[in-house]
Amino acid sequence: MDPDSSDALYFSYGAACTEVVVDCLTGQHQVLRSDILMDVGTSLNPAIDIGQIEGSFIQGYGLYTREELTYSPEGYLYTQSPQSYRLPGVADIPAEFNVSLLKGSANKKAVYSSKAIGEPALLLGVSVFFAIKEAIYSARADVGIRGPFRLDSPATADRVRLSCVDQFTKQFVSITSASED
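Residues numbered from 1 in each chain as written. Predicted model: local features only at pLDDT ≥ 70, side-chain atom pairs only at ≥ 80, totals over all residues. Heavy atoms only, no water.

### Here we look at the nonpolar core
The nonpolar side chains of a soluble globular protein tend to be buried with one another.
And step 1. Counting 27 residues, the largest nonpolar core has Ile 36, Ile 53 and Ile 132 as the members making the most contacts within it.
And step 2. Looking at this core, the elements with two or more residues in it are strand E1 (14–22), strand E2 (29–38), helix H1 (46–65), strand E3 (96–101), helix H2 (126–142) and helix H3 (157–164).
And step 3. Those residues in contact with Ile 132 that lie beyond four places of it in its chain are Val 20, Val 22, His 29, Thr 65, Ala 155 and Val 160. (Core = buried A, V, L, I, M, F, W, Y, C linked by side-chain atoms within 4.5 Å. Buried < 20%, exposed > 50% of the residue type's maximum accessible area, 1.4 Å probe, protein only. Helix = DSSP H or I, 4+ residues; strand = E, 2+ residues; numbered from the N terminus. Contact = heavy atoms within 4.5 Å.)

This is the structure in structure tokens:
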């Protein structure tokens, strides 16, 4: 889409690449590294922009890996607050976390050529989800299982554990076969 021919004032762009390690026995994961490049136009304050991007990315990381909605049979939402599911914390921040701002991307349609950056980076948290899925692909290939499989978001430890597939998870045939749809 050509930004100059649009009614929108601007578009926010970003890219992220994430490296994880997955423990197939527990379903737990650790984010080893995340690299982010974000288009913020002309940054008014790079330190604030980078902080916003980091915080938004971590929030998205939680959304795609932890924040599962669970309901009672009557439809009551059990997970209605951070007290009922685990939010990302300090220990969940990538061991190596690099954020760069795209240079030379002035926004001629906004104040001081800037762009909003608070929410767009939230979507970059999906890179953690797909890194986990790629790690599961690798673990499955190690035991001779190839091909696509289903992993719903959020990629909770339970879902990751069952997706890895081994002699223990095979006891739950309906669950593991559903994850391979």
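### Focus on the pattern of salt bridges
And step 1. With the rule as written, the count across this model stands at six salt bridges.
And step 2. In this structure, Arg 33 engages Glu 96 in a salt bridge whose closest nitrogen and oxygen atoms are separated by 3.5 Å. Taken as a pair, Arg 33 in strand E2 and Glu 96 in strand E3 lie far apart in primary sequence, 63 residues in all.
And step 3. Exposure remark for Arg 33: the relative accessible area of 32% places this residue in the partly exposed category.
And step 4. Asp 92 is the partner of Arg 86 in a salt bridge, and the nearest nitrogen-oxygen pair spans 3.1 Å.
And step 5. Note on Arg 86: relative accessible area 46%, which makes it partly exposed.
And step 6. A relative accessible area of 10% places Asp 92 in the buried class.
And step 7. The network of salt bridges with shared partners includes Arg 33, Asp 35 and Glu 96. (Salt bridge = Lys/Arg side-chain N within 4 Å of Asp/Glu carboxyl O.)

### Comments concerning the packing of H1 against H2
And step 1. Between H1 and H2, the least distance of the axes is 7 Å, while the angle of their chain directions is 45°. Between H1 and H2, the interaxial angle falls into the category oblique. Along the contact surface, H1 presents Phe 57, Tyr 61, Tyr 64 and Thr 65, while H2 presents Val 126, Ser 127, Val 128, Phe 129 and Ile 132.
And step 2. Within the contact of H1 with H2, the residues separate by chemical class into seven nonpolar, two polar and no charged. (Axes fitted to C-alpha atoms, helices over the stretch in contact; angles between N-to-C directions. Parallel < 35°, antiparallel > 145°, perpendicular 65-115°, else oblique. Nonpolar A, V, L, I, M, F, W, Y, C, P; charged D, E, K, R; others polar.)

### Here's the deal with the state of the cysteines
The term disulfide refers to a covalent linkage connecting the sulfur atoms of a pair of cysteines.
And step 1. One pass over the full model with this rule turns up one disulfide.
And step 2. In this model Cys 24 forms its disulfide with Cys 164; the gap between the sulfur atoms is 2.5 Å. Handedness here is read from the sign of the S-S torsion; for Cys 24 and Cys 164, about -65°, the answer is left-handed. Of this pair, Cys 24 sits in the loop between E1 and E2 while Cys 164 sits in helix H3, placing them 140 residues apart in sequence.
And step 3. In this structure Cys 24 comes out as partly exposed when scored by relative accessible area, which is 22%.
And step 4. Cysteine Cys 17 is unpaired, with the sulfur of Cys 24 as its nearest cysteine sulfur at 20 Å.
And step 5. Its relative accessible area of 52% is what places Cys 17 among the exposed residues. (Disulfide = S-S within 2.5 Å.)

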